[in-house]
Amino acid sequence: MSTLLVTGAAGKLGRHVVNLLLEQGGNTVIATSRDPSKLSDLAARGAGTRRADFDDPASLEAAFAGVDRVLIISTDALGIPGKRLTQHTNAVDAAKAAGVKEVVYTSMPNPETAAVLFAPDHLGTENAIKASGMGYTILRNAWYQENLLHSLPAAFASGNWYTASGDGATPYIAHDDCARAAAAALSKPSGNKTLNITGPELLTPDDIAAIAHDMLGKPLNVVKVTDEQLAEGLKHAGLPDFLIPTFVSFDTATRKGDFNLKSNDYETLTGRKPTPIKAFFEANKAAF
Ligand SMILES: NC(=O)c1ccc[n+]([C@@H]2O[C@H](COP(=O)([O-])OP(=O)(O)OC[C@H]3O[C@@H](n4cnc5c(N)ncnc54)[C@H](OP(=O)(O)O)[C@@H]3O)[C@@H](O)[C@H]2O)c1
């Protein structure tokens, strides 16, 4: 029996990972959050709960005491490049100081070269974990299928999907599959691996529009715009100024081919097939 700890357990991914670990049984499971009062459902199911805030290093060493393996879930501080690196490094340093043996971390595809503005935060975190001497599994999670729930409903409403992704492809993965991969990685000793957690298909915007049309019976015209035009459109749509460069950089990276990789790592890690995009559209018909 090992003691496994999940940070950010009040978030969607963290909560799902803790639930999977509890269902699986056989280990002591500790859920942490900036606000442990949000974890009462997990405590009722048998998880220990502790406070851990990456902005408060003093909270971390106590939180990680007596733990064998930690899942560090990357934070949502997207708007300030560099902030996540400080947060995650605090977590890595505290895990090391507390005697944690292994770390699992939720990274992104190709952080060495991707044009995404926050890629250096992920790369820096990966490097800090490797330099710590702790064992590790880096999960380079592809973009969630669920991200399409943010952009596509408005696109369907107007009939036009404005994108600067060009013909770049993305191996979208189900959020549930990322949770399953994280639970699997945390459940067993790692052997120091960097895994590409991708969905089963590489999909361009035209592919997605065609599949969505088939599944939902609604046409979607893909309008290929420049980064500058996309930035103007996002401003017009009301996205806060500080987030616009980050969102544009997602499309720049897609167009450049930064996400153009598909891997069997998910299946090797979990023994399951990743969820195809058609299943995502089927399950979310009402949202579109
Ligand atoms: N691959 C993708 O397409 C994609 C898309 C969106 C996000 N992500 C990344 O995946 C992560 C998990 O996704 P999700 O769906 O669970 O997002 P979410 O529900 O928005 O959760 C945000 C997470 O950030 C944690 N967090 C924020 N500030 C923190 C701090 N100071 N210290 C410790 N934890 C902090 C939260 O923990 P508590 O609230 O429990 O403290 C929570 O787990 C996100 O945070 C983001 O880094 C990936």
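Look up a bit, the structure's there.
What you see is a predicted model, and the numbers here were worked out from it, not measured in a lab.

J.: I'd love a proper account of the overall build of the protein chain, names of residues and values included.
T.: For the protein chain, the count of helices and strands is 12 helices and nine strands. Its C-alpha atoms give the protein chain a radius of gyration of 19 Å, within 12% of the compact-globule value 19 Å for 288 residues. C-alpha atoms of the protein chain, sized along the principal axes, occupy 55 × 35 × 35 Å. Across the 288 residues of the protein chain, 44% fall into the buried class. For the protein chain, restricting intrachain contacts to residue pairs at least 6 apart in sequence, the fraction spanning at least 24 positions comes to 78%.

J.: With reference to specific residues and values, describe the sheet that holds strand S3 (residues 48–51).
T.: Think of a sheet as strands paired side by side through backbone hydrogen bonds, with each pair either parallel or antiparallel. Taking strand neighbours across the sheet as the criterion, the seven strands line up as S3-S2-S1-S4-S5-S6-S8 in an open arrangement whose pairing is parallel. This sheet does not close on itself; its edge strands, each paired only once, are S3 and strand S8 (193–197). Along the sheet, successive strands turn relative to each other by an average axial angle of 20°, direction set aside. Pairing geometry for strand S1 (residues 3–6) and strand S4 (residues 69–72), over three bridges, is parallel. Each bridged residue has a counterpart across the sheet, and for valine 6 the counterpart in S4 is leucine 71. The sheet contacts of helix H7 (residues 175–187) involve S1, S4, strand S5 (102–107), strand S6 (135–141) and S8, and relative to S6 the element is tilted by about 170°.

J.: A description of the site of the ligand should follow, citing residues and the corresponding values.
T.: The local shell around the ligand holds 23 residues, among which Gly8, Ala10, Gly11, Leu13 and Ser33 are the closest. Tallying contributions element by element places helix H1 (residues 12–24) first for the shell around the ligand, with three residues. Taken together, the residues of the shell around the ligand break down into seven nonpolar, 11 polar and five charged.

J.: Pulling in residues and values, what's your account of helix H3 (residues 57–64)?
T.: Of the residues making up H3, those classed as buried are Leu60, Ala63 and Phe64. Along the axis of H3, the buried positions cluster into a sector of 80°, meaning they face one direction only. Exposed and facing more than 90 degrees away from the buried side of H3 are Ala58 and Ala62. Buried residues in H3 make contact with S1, strand S2 (28–33), S3, S4 and helix H4 (83–98). Among the residues trailing H3, glycine 66 stands out with phi positive, at a value near 75°.

Parameters and conventions
- Residue numbers restart at each chain and count upward from 1, following the sequence in its written direction.
- Reporting of local features is limited, given that this is a predicted model, to residues whose pLDDT is at least 70; pairs of side-chain atoms are given and counted only at 80 or more, and all residues count toward the totals for whole chains, interfaces and linings.
- Counting from the N terminus, the helices are DSSP H or I runs at least four residues long and the strands are E runs at least two residues long.
- Radius of gyration: C-alpha atoms only; globule rule: 2.2 Å multiplied by the number of residues to the exponent 0.38.
- Counting other C-beta atoms within 10 Å of its own, a residue is labelled buried from 20 upward, exposed at 12 or fewer, and partly exposed in the gap between, with every C-beta atom placed from the backbone.
- By the criterion used throughout, residues are in contact when their C-beta atoms, derived from the backbone, lie within 7 Å.
- By definition, two strands form a pair when at least two bridges between them are found by DSSP.
- Interaxial angle, 0 to 180 degrees, is taken between N-to-C directions of lines fitted to C-alpha atoms, where a helix line uses only the stretch in contact.
- Note on definitions: a residue is near a molecule or strand provided its C-beta atom, placed from the backbone, lies within 6 Å of it.
- Under the grouping applied here, Gly and all other residues not named as nonpolar or charged are polar, the nonpolar ones being Ala, Val, Leu, Ile, Met, Phe, Trp, Tyr, Cys and Pro and the charged ones Asp, Glu, Lys and Arg.
- Comment: arc refers to directions from the helix axis out to C-beta atoms.

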